[in-house]
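A closer look at the structure
Each chain is listed here by its residues.
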Amino acid sequence: MRVLVLFAHPVEDSFSAALHATVLEGLQAAGHEVDDLDLYKEDFDPRLSREERLAYHDLDVNRQAVAPYVDRLLAAEALVIVHPVWNFGYPAILKGFFDRVFLPGVSFGLRNGKVVPILHNIRRLSVVTTYGGSRLRALLVGDPPRKVGTRVLRAVIKPGARVDYLALYDMNRADGAQRGGFLGRVRKVMEAYR
């Protein structure tokens, strides 16, 4: 399977970087073709420009500024997103990727003014993430990253596609055993990826 790994963290020795490496190793051990898209290393610009917004619904030009990223997304059969949760949301660079790459004609179409999901090449989606706060704290604010990963993104990919949401909550107080256990869980899921 062709798997696009979308990674968003600026620090190369962070726990998120360790999760990213674990995802890559697990998928490669399972024999998958992996396209590793590290948004910070590739210096992805998350800003949606005025021109891009004006051309947003023009399917002939809306993807020109991000064509290589659109091509990589459309070539994938699975998507694994690795990121921390910051302020109960995505890092700005990842949010910008969704804003600029998940375009009309790429992830959704419009028919009679109604949004129709079309990113059906993605038949498996996994999110691997960490939260500084507890699960209860995230629930109290509605856990927006979980909802986007398990509802919004699920809605634009292949109907019935499997979705995994692997989260380590309370990262600020997690000890080595808890972090190691989570790395092991992530590795196990990636090595069994189908």
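Residues numbered from 1 in each chain as written. Predicted model: local features only at pLDDT ≥ 70, side-chain atom pairs only at ≥ 80, totals over all residues. Heavy atoms only, no water.

**A short note on the pairing of strand β2 (residues 33–38)**
When a strand is regular, its side chains alternate between the sheet's two faces. Across six bridges, strand β1 (residues 2–7) lies against β2 in parallel orientation. In the strand pairing of β2, Arg 2 is matched with Glu 33. Between the parallel elements β1 and β2, the chain passes through helix α1 (residues 15–29) in a crossover that is right-handed. (Pairing = 2+ DSSP bridges. Helix = DSSP H or I, 4+ residues; strand = E, 2+ residues; numbered from the N terminus. Right-handed = clockwise from strand over helix to strand, strands pointing away.)

**Overview of the environment of Val 66**
Summarising the element assignment, Val 66 is placed in the loop between α2 (50–54) and α3 (67–75). Residue Val 66 is classed as buried on the basis of its relative accessible area of 0%. (Buried < 20%, exposed > 50% of the residue type's maximum accessible area, 1.4 Å probe, protein only.)

**Section: the pattern of salt bridges**
All told, the structure shown has 12 salt bridges when counted by the stated rule. Two residues, Glu 25 and Arg 187, come together in a salt bridge whose shortest N-O distance is 2.9 Å. Of this pair, Glu 25 sits in helix α1 while Arg 187 is found in helix α7 (residues 176–191), placing the two residues 162 residues apart along the sequence. The class of Glu 25 is partly exposed, set by a relative accessible area of 40%. (Salt bridge = Lys/Arg side-chain N within 4 Å of Asp/Glu carboxyl O.)

**Digging into the UniProt feature "domain: Flavodoxin-like fold" (unreviewed entry) in the protein**
Taking the UniProt record as the reference, the feature "domain: Flavodoxin-like fold" (unreviewed entry) is found at residues 1–134. In residues 1–134, the share of helix is 29% and the share of strand is 27%. The end C-alpha atoms are 34 Å apart. (UniProt positions renumbered as here; feature names shortened; annotations may be inferred.)

**Notes on the packing of aromatic side chains**
Overall, the coordinates contain eight aromatic pairs when judged by the stated rule. Between the aromatic rings of Tyr 90 and Phe 98, the centroid separation amounts to 5.4 Å while the plane-to-plane angle is 70°, which identifies the pairing as edge-to-face. Residue Tyr 90 shares its accessibility class with Phe 98, and that shared class is buried. Considering the side-chain rings of Phe 97 and Phe 102, the 6.4 Å spacing of their centres and the 65° angle between planes classify their relative orientation as edge-to-face. An identical accessibility class is assigned to Phe 97 and Phe 102; each is buried. Arg 53 extends its terminal NZ or CZ atom over the ring of Tyr 56, reaching a point 4.6 Å from the ring centre. Against the face of Tyr 193 rests Arg 124, its NZ or CZ located 3.9 Å from the ring centre. (Phe/Tyr/Trp six-rings, centres within 6.5 Å; stacked < 30°, edge-to-face > 60°. Lys NZ or Arg CZ within 6 Å of the ring centre and 35° of its normal.)

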